[in-house]
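What the coordinates show
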Amino acid sequence: MECVFGLVGNGFAIVAADTSAVHSILLHKNNEDKIMVLDSHKLVAASGEPGDRVQFTEYVQKNVSLYKFRNGISLTTAAAANFTRGELATALRKNPYSVNILMAGYDDEAGASLYYIDYIATLHKVDKGAFGYGSYFSLSTMDRHYRSDMSVEEAIELVDKCILEIRSRLVVAPPNFVIKIVDKDGARDYAWRQSVKDVTTAAV
Amino acid sequence: MVAADSRASMGGYISSQSVKKIIEINPYMLGTMAGGAADCQFWHRNLGIKCRLHELENKRRISVSGASKLLANMLYSYRGMGLSVGTMIAGWDETGPGLYYVDNQGGRLKGDRFSVGSGSPYAYGVLDSGYKYDMSVEEASELARRSIYHATFRDGASGGVASVYHVGPEGWTKLSGDDVGELHYHYYPVAPAIAEQVMEEATAE
């Protein structure tokens, strides 16, 4: 099952997601990037049904871009999160999307923030959050070791603790993870944690 | 390199051993069929139409990424309505070779190798252990043929003819089409057994 988790630190937010693309018992791909860069200072880590995940996050991404083109200014993380929740809520009683989202962003006024948006359109602003079976292990690990003013190094140590716990305790644990960070300098890849490297070329 | 078997089954009944599961969308793009035969044939034909329209509207060939996205979006709009399509879109465009896996849930994955269908785990086993990114065309076509053969050996819903196609800068070409029953004896020939005791003909009395 797909594991997504994230936390907010001192002026930054980090999200990590597994990179397995699974269909029943088959692992089709182990380097699938599930953390989308929504715009220059926002990340969306999504887990859920394969079609819904890509289609819904791309839909949100295009609408966020449209707002920027129309108004000359980017949406704040809070506004983007509320927009996303609104779209999930509208579709919920007709044609629901099965996507769980952790939206991380950095705004000049609000600083770094993390929003927990689940598939039935729950929205919470949180310091740390997680989805999937991995959440059973990562949430308590984060609860134990998290402090509100962690540095990037301390936060990465905590993320690695969570990844290690998921790898060692979850029966069908995903082998590889991707970690992305967003801070005042923007949203970008931080690292990949790969225990199974594919034989071929770089990640797609 | 694209390969497929040619068996169609309805439950336990084999309805055909000669189904064309590699669909020629256009001279430089192929699609494979897994799941519902009608759905795959129809939607691949529909994709071919959309690709041709793209060529006419934009005066250039559609990319493999674009074609697979068109198909994924079409299938996504029918999600929950019972379509059954597990397909790979393989082709050549200006970025080089492209391979995408697209299914009826709207999922779309870019990759270097995929296996789809009921026999896919068996094919993955052979494919993964023999694969190298820089293998030659001959090695790759033999690996593809072997993967299909081994899948047909173990999976009841796979069989018939193993077709292998090559996709290159000039487009696709069909490399081979071998009956898997014959392939079996080609790979595992039966050595003549040494009889320990032979029954002799009784003489007429």
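Look up a bit, the structure's there.
A few points on the structure. (Residues numbered from 1 in each chain as written. Chains lettered and ligands numbered in written order. Predicted model: local features only at pLDDT ≥ 70, side-chain atom pairs only at ≥ 80, totals over all residues. Heavy atoms only, no water.)

This brings us to the overall build of chain B. Summing up its helical and strand segments, chain B has five helices and ten strands in all. Seen through its C-alpha atoms, chain B measures out along the principal axes to roughly 90 × 40 × 25 Å. Within chain B, buried positions represent 46% of all 205 residues. A fraction of 54% describes how many contacts in chain B between residues 6 or more apart in sequence connect residues 24 or more apart. Element-wise, carbon and sulfur atoms account for 53% of the exposed surface of chain B, whose accessible area totals about 11,500 Å². Within chain B, one finds 19 positive and 23 negative side-chain charges whose respective centroids are separated by 14 Å. (Helix = DSSP H or I, 4+ residues; strand = E, 2+ residues; numbered from the N terminus. Buried < 20%, exposed > 50% of the residue type's maximum accessible area, 1.4 Å probe, protein only. Contact = heavy atoms within 4.5 Å. Areas by Shrake-Rupley, 256 points an atom, 1.4 Å probe, with all protein chains shown as cover. Lys, Arg positive; Asp, Glu negative; His and termini not counted. Charge placed at Lys NZ, Arg CZ, Asp CG, Glu CD.)

The next thing to look at is the overall build of chain A. Within chain A, the secondary structure is distributed over four helices and twelve strands. Across its three principal directions, the C-alpha atoms of chain A cover 45 × 40 × 35 Å. Within chain A, the fraction of its 204 residues that count as buried is 50%. The long-range fraction of contacts in chain A, counting pairs at least 24 apart against all pairs at least 6 apart in sequence, stands at 59%. Carbon together with sulfur atoms contributes 51% to the accessible area of chain A, which is approximately 9,500 Å² in total. When the 22 basic and 25 acidic side-chain charges of chain A are each reduced to a single mean position, those positions are 2 Å apart.

As for its position among the elements, Ser47(A) is in strand β6 (residues 42-48). Excluding residues that lie within four positions of it along the chain, Ser47(A) makes contacts with Glu2(A), Val4(A), Arg53(A), Ser98(A), Val99(A), Asn100(A) and Phe131(A).

Let us look at the environment of Val159(A). All names here are of chain A. Tracing the chain through its elements places Val159 in helix α4 (residues 152-169). As a C-alpha pair, Val159 and Asn31 span 128 residues in sequence and 18 Å in three-dimensional space. For Val159, the contacting residues outside a window of four places in its chain are Phe5, Leu7, Ile14, Ala16 and Ile179.

Before going further, it helps to spend a moment on the nonpolar core. Residue and element names in this part refer to chain A. Membership of the largest hydrophobic core comes to 39 residues, with the highest contact counts inside it found for Phe5, Leu7, Ile14, Val15 and Val159. Within the residue set of this core, elements represented by two or more residues are β1 (4-8), β2 (12-18), β6, β7 (99-107), β8 (111-117), β10 (128-131), α4 and β11 (176-183). When residues in this core are grouped by element, the largest group, seven residues, is from α4. The residues touching Ile14, leaving out its near neighbours within four places in the chain, are Phe5, Gly6, Leu7, Ala155, Ile156, Val159, Ile179, Lys180 and Ile181. (Core = buried A, V, L, I, M, F, W, Y, C linked by side-chain atoms within 4.5 Å.)

All right, on to the sheet that holds strand β1 (residues 2-4) of chain B then. All names here are of chain B. Read from one edge to the other, the open sheet built from three strands follows the order β1-β9-β10, with strand pairing classed as antiparallel. Both edges of this open sheet fall to β1 and β10 (171-179), since each of them pairs with a single strand only. On average, each strand axis in the sheet is tilted by 15 degrees relative to the strand beside it, whichever way the strands run. With eight bridges connecting them, strand β9 (residues 161-168) and β10 associate as antiparallel partners. When the sheet's bridge partners are listed, Val167 is paired in β10 with Trp172. With respect to the sheet, helix α4 (residues 137-154) is in contact with β1, β9 and β10, its orientation differing from that of β9 by roughly 150 degrees. (Pairing = 2+ DSSP bridges. Axes fitted to C-alpha atoms, helices over the stretch in contact; angles between N-to-C directions.)

This brings us to the state of the cysteines. One pass over the structure, following the stated rule, counts zero disulfides over all chains. Free cysteine Cys3(A): the closest other cysteine sulfur is in Cys162(A), separated by 11 Å. Of the cysteine sulfurs around Cys40(B), a residue in no disulfide, the closest is that of Cys51(B), at 16 Å. Overall, Cys40(B) belongs to the buried group, its relative accessible area being 1%. (Disulfide = S-S within 2.5 Å.)

Turning next to the interface of chain B and chain A. Taken residue by residue, the interface counts 22 residues in chain B and 21 residues in chain A. Here chain B packs against chain A, burying approximately 1,800 Å² in sum over the two surfaces, 52% of which is carbon and sulfur. Of all residues in chain B, the largest losses of buried area upon contact with chain A belong to Tyr76(B), Arg79(B) and Leu109(B), amounting jointly to 29% of the total for that side. Between Glu58(A) and Lys69(B) there is a salt bridge, with its nearest N and O atoms 2.8 Å apart. (Buried area = accessible area lost by both parts, 1.4 Å probe. Salt bridge = Lys/Arg side-chain N within 4 Å of Asp/Glu carboxyl O.)

Computed from the structure, the second largest pocket encloses a volume of approximately 510 Å³. Residue lining of the second largest pocket: 26 residues in total, with Glu2(A), Ser20(A), Ala21(A), Val22(A) and His23(A) positioned closest to the centre. Elements represented by at least two residues in the lining of the second largest pocket include exactly β3 (21-23), β4 (26-29) and α1 (50-71) of chain A together with β8 (108-110) of chain B. In terms of residue class, the lining of the second largest pocket is built from 13 nonpolar, six polar and seven charged. (1 Å grid on protein atoms, 1.4 Å probe; cavity = no way out; pocket = protein on both sides within 12 Å on 5 of 7 lines; lining within 4 Å. Points joined across faces, edges and corners; volume = space filled by probe spheres on them. Nonpolar A, V, L, I, M, F, W, Y, C, P; charged D, E, K, R; others polar.)

Take a nonpolar patch on the surface next. Taken together, the side chains of Met1(A), Tyr133(A) and Tyr136(A) present a nonpolar region at the surface, about 400 Å² in accessible area. Here Tyr133(A) lies in the loop between β10 and α3 (135-145). (Patch = residues over 30% accessible without salt bridge, like charges linked within 9 Å, V, L, I, M, F, W, Y side chains within 5 Å.)

Attention now moves to unusual backbone geometry. Across residues other than glycine, the phi torsion is negative in most instances, and most of the peptide bonds are trans. Residues and elements named next belong to chain A. Even without being glycine, Ser24 reaches a positive phi, approximately 50 degrees. With respect to the secondary-structure elements, Ser24 resides in the loop between β3 and β4. Of note, Ala121 is a non-glycine position whose phi angle comes to about 65 degrees, a positive value. With respect to the helices and strands, the residue Ala121 is situated in the loop between β8 and β9 (123-126). A relative accessible area of 5% places Ala121 in the buried class.

Residue and element names in this part refer to chain A. As paired elements, β8 and β9 share four bridges and run antiparallel to each other. Paired with Tyr116 across the two strands is His124, which belongs to β9. Joining the antiparallel neighbours β8 and β9 is a turn of five residues, in which Ala121 adopts a positive phi near 65 degrees.

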